[in-house]
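# Summary of the model geometry
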Amino acid sequence: MSNAATLVVFVCNWDGLSTIEAAAQKRLTFPASVKIIRVSCLSRVHTGLILKAFELDADRVTLLGCDSKNCHFGIEEELIDQNFAKAQGIMKLLGLKSERLTLVRLPHGDGAGFIKKVNQLVE
Amino acid sequence: MDNLDKEIRDTKVRLCLDCGKCTVVCPVAQYNPEFNPRLIIQKRLGGSDASTGDESIWSCFNCQMCLERCNYNVKFPDFITALRTEAVKSGTRVLCSHGGSLQAAMHMMARPDIQQKRIDWLPEDIALTDQSDTRFFVGCAPYFDVIFQDLGVKTLDGVIGALRLLNKAGIAFNLLANERCCGRDLLNQGDQEGFLALAKANLEEFNRHGVKRIITYCPECHDCLKNQYPRALGNIDIEVVNLVELLAPLLKSKKLALGPLDKKITYHDPCTLGRGFRLFEEPRELLTGMAGVKLVEMENSREKSLCCGANPWAYCNTVNRQVQEQRLEQAQATEAEVLVTACPKCQIHLKCAQKSDDCRAAGIEIQDLAGLAAASLKRR
């Protein structure tokens, strides 16, 4: 069992997932402590889900989604930013370090970028 | 099925006469014919399996209208809590609102190793007395204001108002840096384990600081600390007093004077403060203590006050919305400029209803009692 931090990645089904699929196709690996949760769109990941991940002892949580303006559903970024900001606000009150929650946007198919980011986050 | 003998005895449900008065006055039953307090009791006492998986137990607002009307003082709200606790113990998952954000935050707050940063909002001019053995219990206001920011809710304004009033009245107090949620919402939705974790963490904090008196503002926190903690954990040896019962006598004896407020106001009695603790006059005295206030009453006030439609952040649905709508329309009918309440949950739930597209009473301003009273001090 490695000592790598548990990282929960909420990934959107479109641009977000494409980065993971690209990494898989190139046979790049990431630690087993990274848990991938696929959602239709990051705006679906409301504050409660993020906090629940922390309640279940995730060390870190990341929202991995599309490059801005490229949303598959054409949804504005506001919802994601709002949920994210609320989660950060609650974490601050609870005394949880703000670095534990991140929002990552990668270009479509950027497998190497995904691996690099994930390894950074589990250090 | 668990044995609920003790709860049945404590709540006196066997005294139920089957008269149905509880159901007649119940705001939930008014909009949801399937919710029937009388039948819920009957089913359970009948001993049959009919009450297991009874979904209707989750619709109760805990507004205590039933208890108010019952000739035999059957403690139906406590009975609902017992049924919910039993359901959760046997695996029912509570349908949390707001994505479960509040429940998640409450569970994390109970952890012994948590070190919150929850007093950053405190203005510099508020005086705290380090050596005081009195603490003001802030409650979840800092958390509410984050989660409900898009409703324009500022429950901290009420808290800050309360602190300013205490300063003005010369009452010494301090705050707790690591105060936990009182746990009443978790208790109410059947999560006894979650409630006990918070209660024990809070008690440990109180004892560690030698707290002898707690001043509450939120009526639910008041009930939780004053009634539920001793009930669950034995005598806690701490005096618990609500802000309004502390300040109203000082207004009478002129030890505290408020500024003017030239407004027509209607006051919404929170269920727990009113029917629960019979504190009907004290909040009104704080309002009329401001020169120029014209106080008008809604159709249902004092012990008949209509609930704001709050659930413990779970099972919120159209019935809640309909009751909120009814209450807001009652407020509007008084032609008051401001609807004042002394409970953060009432504020949140009524403001949420106003945000509805089809709300017919979205215009009336909703303000917090302590916030309003404290603001008047500047105009003296």
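Residues numbered from 1 in each chain as written. Chains lettered and ligands numbered in written order. Predicted model: local features only at pLDDT ≥ 70, side-chain atom pairs only at ≥ 80, totals over all residues.

## Points about the interface of chain A and chain B
Chain A puts 15 residues into the contact, and the matching count from chain B is 18 residues. Put simply, the parts of the chain that give the side of chain A that touches chain B at least two residues each are α2 (47–55) and α3 (78–94) of chain A. By residue number, the principal contributor to the side of chain A that touches chain B is α2(A), which donates seven residues. Along the lines of polarity and charge, the residues of the side of chain A that touches chain B split into six nonpolar, five polar and four charged. (Contact = placed C-beta atoms within 7 Å. Helix = DSSP H or I, 4+ residues; strand = E, 2+ residues; numbered from the N terminus. Nonpolar A, V, L, I, M, F, W, Y, C, P; charged D, E, K, R; others polar.)

## Here we look at the environment of Ile20(A)
Residue and element names in this part refer to chain A. Within the secondary structure, Ile20 is located in helix α1 (residues 15–25). On the neighbour-count criterion, Ile20 (22 C-beta atoms within 10 Å) is buried. Residues Ile20 and Asp59, spaced 39 residues apart in sequence, show a C-alpha to C-alpha distance of 20 Å. Filtering out sequence-adjacent residues up to four positions away, Ile20 remains in contact with Val11, Ile36 and Phe114. (Buried ≥ 20, exposed ≤ 12 C-beta atoms within 10 Å, placed from the backbone.)

## Describing the sheet that holds strand β1 (residues 134–137) of chain B
Strand pairing in a sheet relies on backbone hydrogen bonds. The paired strands run either parallel or antiparallel. All names here are of chain B. Taking strand neighbours across the sheet as the criterion, the three strands line up as β1-β2-β3 in an open arrangement whose pairing is parallel. Each edge of the open sheet is held by one strand with a lone partner, namely β1 and β3 (239–242). Strand-to-strand twist of the sheet, defined as the mean angle between neighbouring strand axes without regard to direction, takes the value 25°. In this sheet, β3 lies alongside strand β2 (residues 213–216) in parallel orientation, the contact comprising four bridges. Bridge pairing in β3 places Ile214 opposite Val240. Its contacts with the sheet place helix α13 (residues 243–252) against β2 and β3, and it is angled at close to 65° to β3. (Pairing = 2+ DSSP bridges. Axes fitted to C-alpha atoms, helices over the stretch in contact; angles between N-to-C directions.)

## With respect to the environment of Thr47(A)
Relative to the helices and strands, Thr47(A) resides in helix α2. With 26 C-beta atoms counted inside 10 Å, the residue Thr47(A) sits in the buried group. If near-sequence neighbours (up to four positions away) are discounted, Thr47(A) is found in contact with Asn83(A), Lys86(A), Ala87(A), Ile90(A), Gly99(B), Ser101(B) and Ile147(B).

## Points about helix α18 (residues 369–377) of chain B
Residue and element names in this part refer to chain B. Here α18 lies mainly inside the structure; seven of its nine residues are buried. All of the buried residues in α18 are Leu369, Ala370, Gly371, Leu372, Ala373, Ala374 and Ser376. Buried residues belonging to α18 abut α9 (155–168), α13, α15 (281–288), β6 (338–341) and β7 (365–368).

## Notes on the confidence of the model for chain B
When pLDDT is averaged along chain B, the result is 94, and 98% of the positions lie at 70 or above. Interface confidence for the predicted complex, expressed as ipTM, amounts to 0.92; the pTM equals 0.95. (pLDDT = per-residue confidence, 0-100.)

## Focus on the confidence of the model for chain A
Of all residues in chain A, 98% attain a pLDDT of 70 or more, and the chain-wide mean is 91. Within chain A, the lowest mean pLDDT, 92, falls on helix α4 (residues 111–122) of chain A, and the highest, 96, falls on α2(A).

## Describing the domain arrangement of chain B
Residues and elements named next belong to chain B. Once the domains are mapped, chain B shows domain 1 (5–89), domain 2 (99–247) and domain 3 (254–377). The centre of domain 2, based on its C-alpha atoms, is set 22 Å off from the matching centre of domain 3. On the domain 3 side, the residues contacting the 32 residues of domain 2 number 30 residues. Broken down by secondary-structure element, the contributors of at least two residues to the side of domain 2 that touches domain 3 are α7 (101–109), α8 (141–147), α9, α10 (184–188), α12 (219–233) and α13. Among the elements that make up the side of domain 2 that touches domain 3, the one with the highest residue count is α9 (eight residues). (Domains from an automatic or database assignment.)

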